[in-house]
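Each chain, written out:
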Amino acid sequence: MANPWTHKAGEISASVSQSRREFLRSLTGAACARPFFSVSSSVAGPPFASGLQSRERRAVVVTFGGGCRDEEVLTPMGQQNVPYLLRELLPQGTFFTHVENRGILGHYVATASLTTGVYETFDNFASVPPQSPTVFEYFRKDLKRPLHDAWVVAPSNGFNRIGSSDVRSFGPGYGAQVILPKRFLKQALMGTTGDYTRLLQDNYETPLFSPQVEGGKVSLDEFTELLNLSAKDFVTQALTLSSADELSFFVAKRLMRRYAPRLLWITLHDMDVAHAGCYSLYIEGIQRTDRLCREIWRTIQSEPEYAGKTSLFILPDFGRDSDGSIGGNGFQHHRTGDALSRTTWMLALGPGIHANRVVDRPVEHLDVVPTLGARLGFDARMARGKPLTELL
Ligand SMILES: [Zn+2]
């Protein structure tokens, strides 16, 4: 794949980061950490977080997906859509204004790249596993963690292979369990009448794409058993929810209560309804995601297994096209691959992470997995990124 990153793209990206920093500074008065650390290739390996502390640590990663733009989030006009992120969460964490995604801008492949720390290059719409070991495999293998200690809650059938790679010496035996809540809800609703599109829409990008879930490892009965509630109660609960992301949060919360996994990955996706071209639904999706991020953080604080031990990483998988992109269509898609849609951000909160801090040096999506490794005590040895020193 040709490297999409040019000198010009770097300039645009730095300018986006700068305007984010200025905006956040005016908003919160956050202390700005100047780029103390160069992005050097001389870092030999992850500095392990050692001792009992790292083994007790937990992590929850939330993708603020499927992608939003600064206009709707990180500008004076956009801030009204993310009040919890900006007013409640950001003052408690460290915000990276310049997170580059140099990979393919499709949701599954981009999220897979996030989980491996390597830019995956497979077809976004293929039912294939990541080609490099995932964070779940490093975590479970190195720390000898059981199956129930790593979970993914994903929005679409297309994500069903994201829990593990097929790399020799890693693979499904060390992977995460992947829960696709909509798949089970669809099964449970079979034979009933009613329009449940708000909960069941699988993919906003290509309405004709309807991947088959291979393996079918978990039946509906087993799924509801995992959540510790009956199929009937699951449906009753689900139908009170307003969207697929609400459903994902409901399932994640049950998993946290029941298994308290040390590594949990939640992929939110409602805002990708933007592909349908309806701006108000896109904005609603952003507002809901903002609220759910707050709810996830509050859940972490209220669960004894998580409180005081858990870091939360929130980041978009990528952005969306700018209004000025030739060949794009504004907020609707992420087709152009321009620097704006590749320059994302990340908020990290949790024990040992500075509060109310902004970091504006350029980092990459690929740095997330090595950072998790350094915090939790495993070695993401095949990942291409580097641990984010500001979070260690
Ligand atoms: Zn999309």
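Treat the numbers as computed from the prediction; the structure is a model and nothing was measured.

(A) The arrangement of the overall build of the protein in detail. The helix and strand inventory of the protein stands at 13 helices and 10 strands. The burial tally for the protein puts 59% of its 392 residues in the buried class. A fraction of 77% describes how many contacts in the protein between residues 6 or more apart in sequence connect residues 24 or more apart. For the protein, the accessible surface area stands at approximately 15500 Å², while carbon and sulfur atoms represent 51% of it.

(B) Main features of the side chain of T224. When you line up the elements, T224 lands in helix α8 (residues 220-227). Classification of T224 by relative accessible area gives buried; the value is 4%. Apart from the residues lying within four places of it in its own chain, the contact partners of T224 are L229, S230, A231 and F234.

(C) Structural detail: the coordination of the zinc ion. For the zinc ion, every protein donor is listed as H107 (NE2), D272 (OD), D272 (OD), H275 (NE2) and H334 (NE2), and the spread of their distances is 2.0 to 2.4 Å. Mapped onto the polypeptide sequence, the residues donating to the zinc ion form the spacing pattern H-x164-D-x2-H-x58-H. The same class applies to D272 as to H275, namely buried.

(D) Examining the pairing of strand β6 (residues 263-267) more closely. Where burial is concerned, most of β6 is hidden: 5 out of the 5 residues are buried. Summarising the sheet, strand β2 (residues 58-63) and β6 pair through 5 bridges and their orientation is parallel. Paired with V60 across the bridge in β6 is L264. By the bridge criterion, 4 bridges tie strand β4 (residues 150-153) to β6 in an arrangement that is parallel. Residue V152 lies in a different strand from β6, and its bridge partner there is W265.

(E) The arrangement of the packing of aromatic side chains in detail. One pass over the full model with this rule turns up 13 aromatic pairs. With a centroid separation of 5.1 Å and an interplanar angle of 80°, the aromatic rings of F223 and F234 are classed as edge-to-face. With a gap of 11 residues between them, F223 in helix α8 and F234 in helix α9 (residues 231-238) connect regions that are remote in the sequence. Owing to a relative accessible area of 0%, F223 belongs among the buried residues under this scheme. A residue is classified by how much of its surface remains accessible, and F234, at 0% relative accessible area, is buried. Every member of this aromatic cluster is reached through a ring pair, and the members are F64, F95 and W345. For the cation-ring pair, R58 lies above Y306, with the distance from its terminal atom to the ring centre recorded as 5.2 Å. For the cation-ring pair, R294 lies above Y84, with the distance from its terminal atom to the ring centre recorded as 3.9 Å.

Rules used throughout
- Counting from 1, residues in each chain are numbered in the order their sequence is written.
- Only residues with pLDDT of at least 70 are given local features in this predicted model, and only at 80 or more are side-chain atom pairs given and counted; all residues enter the totals for whole chains, interfaces and linings.
- For side-chain calculations, the full set of non-hydrogen atoms in the structure is used, while hydrogens and water are omitted.
- Going along the chain from the N terminus, every DSSP run of H or I of four or more residues is numbered as a helix, and every run of E of two or more is numbered as a strand.
- Buried means the residue's accessible area, taken with a 1.4 Å probe over protein chains only, is under 20% of the maximum for its type, while exposed means over 50%, and partly exposed covers the values in between.
- A contact between two residues is defined here by any heavy atoms of the two lying within 4.5 Å.
- Here, Shrake-Rupley sampling with a 1.4 Å probe gives the accessible areas, and only protein chains in the shown set may cover a residue.
- Sites may look incomplete because water is not among the atoms; the donors themselves are N, O and S atoms within 2.8 Å of the metal, or within 3.2 Å for Na, K and Ca.
- In this description, strands pair whenever DSSP reports at least two bridges between them.
- By convention, a stacked pair of Phe, Tyr or Trp rings (six-membered ring in the case of Trp) has centres within 6.5 Å and planes under 30 degrees apart, an edge-to-face pair has planes over 60 apart, and any other such pair is tilted.
- Both a distance and an angle decide whether a charge sits over a ring: NZ of Lys or CZ of Arg must be within 6 Å of the ring centre and within 35 degrees of the ring normal.

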